[in-house]
Each structure stands twice: as structure tokens, then as C-alpha cells.
Amino acid sequence: MFTPGYRSPAPPAAADLCFVFRSNSVLVFATGGDTRVPARNELRGLEAAGTHYVGLLADRHCYAMTVGTEAPAPDGMEWRDLRSLFGRIDEMLFGVAGRAIQIVQWDLTHRYCGRCGTATAPHANERSRVCPGCGMVHYPRLAPAVMALVRRGDELLLARSPHFPEGMFSALAGFVEPGESLEQTLAREVREEVGVEVANVRYFGSQSWPFPHSLMIAFVADYAGGAIVCQPDEIEAAAWFTIDRLPRLPHRFSIARRLIDATVDAIAAGAE
């Protein structure tokens, strides 16, 4: 349903979807329980400081726009933190919004070359900014992160970070460091965060995670030894949970929840 692009193939139209950002907040209609992204003809005089073509969603072209930090929301609309829309809008639409905010943030933070300090310019044929001084090309960046759900028989190792909602536990996760494979990251992160060793790592799936520019890559692994010792400042609590006594879990929209649900189903079905 979504086809990404970097150059608009058509002139602006009234029905175009516009993902308008004021810093990290996105403009939405959020009244009466219905949250939606405005069309171009609903922006009513809001002036964009920058515009980027994002792609085609079904039959509607999508644009990412930025406005000044003091720009008011037009009547009937609100500025909302993108994370607050998690689970409140369609998953595909949320994915496009995540792509849009990463594009505008990349563009804002790469106006000058990190190598020589010269002002950069948009590339004519791809999503990048080019330095006319030294020739360095700056592409949108991604920070891959590994998610690990550790299984011990019919038990799952779940943990909570201090910033989680009250009572919520999830799988472990951490960013890939230079020179690491995904499997090495998984083993290191689990060892660092909870003191446990793992084996038999199996890939589950991935999800773009625009907070701020991550790619979450999820795995299941088997317990291979060690007692739980929580890493200070990173892990507030961790424990083994049987599938019939699970704590509060992340929203079903997230890959963490899909990973946990799929593993619970496998355990219930007796799968190894």
C-alpha cells in the first residue's frame, strides 16, 4: 500500500497527506476519538519552512513538512508527540509518519558538512545532502538495535527500564556497536543488562522505530546459564515469567509484543 519516493511525481493536490512537524510533534486532528493526519487543503495558511516528498500511500501522495517552533495549530488540530499516536492511528500510517519525521530530522541536522563545515545541498537524484566543499554525501542515518526474548522452557525473561509505563515489562534490547554482528550484540546486551548467557539465537522479524532513527531487529534465544543481575540505571527489574502469569506487556502495535505473543503461542503449542 505504500511506495516510498524522494521526488514528487505529480503537482501538489488538495488530497495530499501532509505530515507537518513542529520539532518532534506532528499536526493531527484528534477530536471525537478519531485521530488523523490532515490533507493539504486542511492546513489553512500554515506556512512550511521545508517540504519533502515521502511517497505514495494507496492513491494519496505524502509529504513531510516542518514549521517554526512557535507555529500555532490551525483550528481543530493539535500538536502531538509522535510516540503518543502509537496504536491510535493505522499501523501503515504510523509507519509513514515515522519515515517522515526521520527525513525532516535528518535534513535539519545535516545542513552543514560534518567533515569540513560547508553548507550542504540536496542531491538531485536521491535522498541525500552533498557537500560542495569536500564532496562528502550525507544519507539519512539509521541506528540498528537488537531485541532479545530469552526463553527457558515455558518461561520468558522479561525486564523493565525506568522509563517504561508502570508495571510494564518487555524483551531486552540494545544498540549495535561498531564491529559487532547482530548475534554478538544480542549476547552482549543480555549479559550486560541481566547477567544471563544465551544460545540458539533465532531471527524473528524487524520494525522501523523512529525514536529517533532506529531499526529494531528481533530474535528469540534460549537460556544458557547465569542468574539475573540487573544492570544499574538500565534495568529496573527483570524476572522469569510463565506464559500463564505474564505482566503488563507493550502495545500490540510493537514488534516487542508480536515477538512475545508469537513465542507464547509456540510454547502453548508445544513447539521448540
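Throughout what follows, the structure given in this document is the object of discussion. (Residues numbered from 1 in each chain as written. Predicted model: local features only at pLDDT ≥ 70, side-chain atom pairs only at ≥ 80, totals over all residues. Heavy atoms only, no water.)

Right, let's get into the overall build of the protein. The helix and strand tally for the protein stands at three helices and 16 strands. Across its three principal axes, the protein shows a C-alpha extent of roughly 60 × 50 × 35 Å. Within the protein, the proportion of its 272 residues that are buried is 44%. Counting only contacts in the protein whose residues sit at least 6 apart along the sequence, the fraction spanning at least 24 positions is 64%. (Helix = DSSP H or I, 4+ residues; strand = E, 2+ residues; numbered from the N terminus. Buried < 20%, exposed > 50% of the residue type's maximum accessible area, 1.4 Å probe, protein only. Contact = heavy atoms within 4.5 Å.)

In the structure shown here, the tally under the stated rule is 16 salt bridges. As a salt-bridge pair, Arg80 and Glu78 come within 2.8 Å of each other at their nearest N and O atoms. Glu155 serves as the salt-bridge partner of Arg152, at 2.8 Å between the closest nitrogen and oxygen. Since its relative accessible area comes to 30%, Arg152 is described here as partly exposed. (Salt bridge = Lys/Arg side-chain N within 4 Å of Asp/Glu carboxyl O.)

A few words on the pairing of strand E13 (residues 172-175). Here E13 shows a buried face lined by Leu172 and Gly174 and an unburied face lined by Ala173 and Phe175. Bridging between strand E11 (residues 143-152) and E13 involves four bridges; their strand directions are antiparallel. Bridge pairing in E13 places Ala148 opposite Leu172. (Pairing = 2+ DSSP bridges.)

Residue placement: Phe253 occurs in the loop between strand E16 (237-242) and helix H3 (255-268). In this structure the C-alpha to C-alpha distance between Phe253 and Glu91, which are 162 residues apart in sequence, comes to 7.1 Å. Those residues in contact with Phe253 that lie beyond four places of it in its chain are Phe86, Gly87, Ile89, Asp90, Glu91, Phe94, Gln207 and Arg258.

Another point: the nonpolar core. Phe19, Val54, Leu82, Phe94, Met147 and Leu158 are the most contacted members of the largest nonpolar core, which totals 45 residues. Judged by nonpolar contacts, the second largest core, of 17 residues, contains Val146, Val196, Phe219 and Ile235. (Core = buried A, V, L, I, M, F, W, Y, C linked by side-chain atoms within 4.5 Å.)

Next up on the list: unusual backbone geometry. In this structure, Pro212 follows Phe211 across a cis peptide bond, with omega equal to 0°. Within the element layout of this structure, Pro212 appears in the loop between strand E14 (197-209) and strand E15 (214-225). Of note in this structure, Ser23 is not a glycine but carries a positive phi near 60°. If you check the backbone angles, Ala58 has positive phi at about 55° while not being a glycine. By the secondary structure assignment, Ala58 is in the loop between strand E5 (50-57) and strand E6 (60-66).

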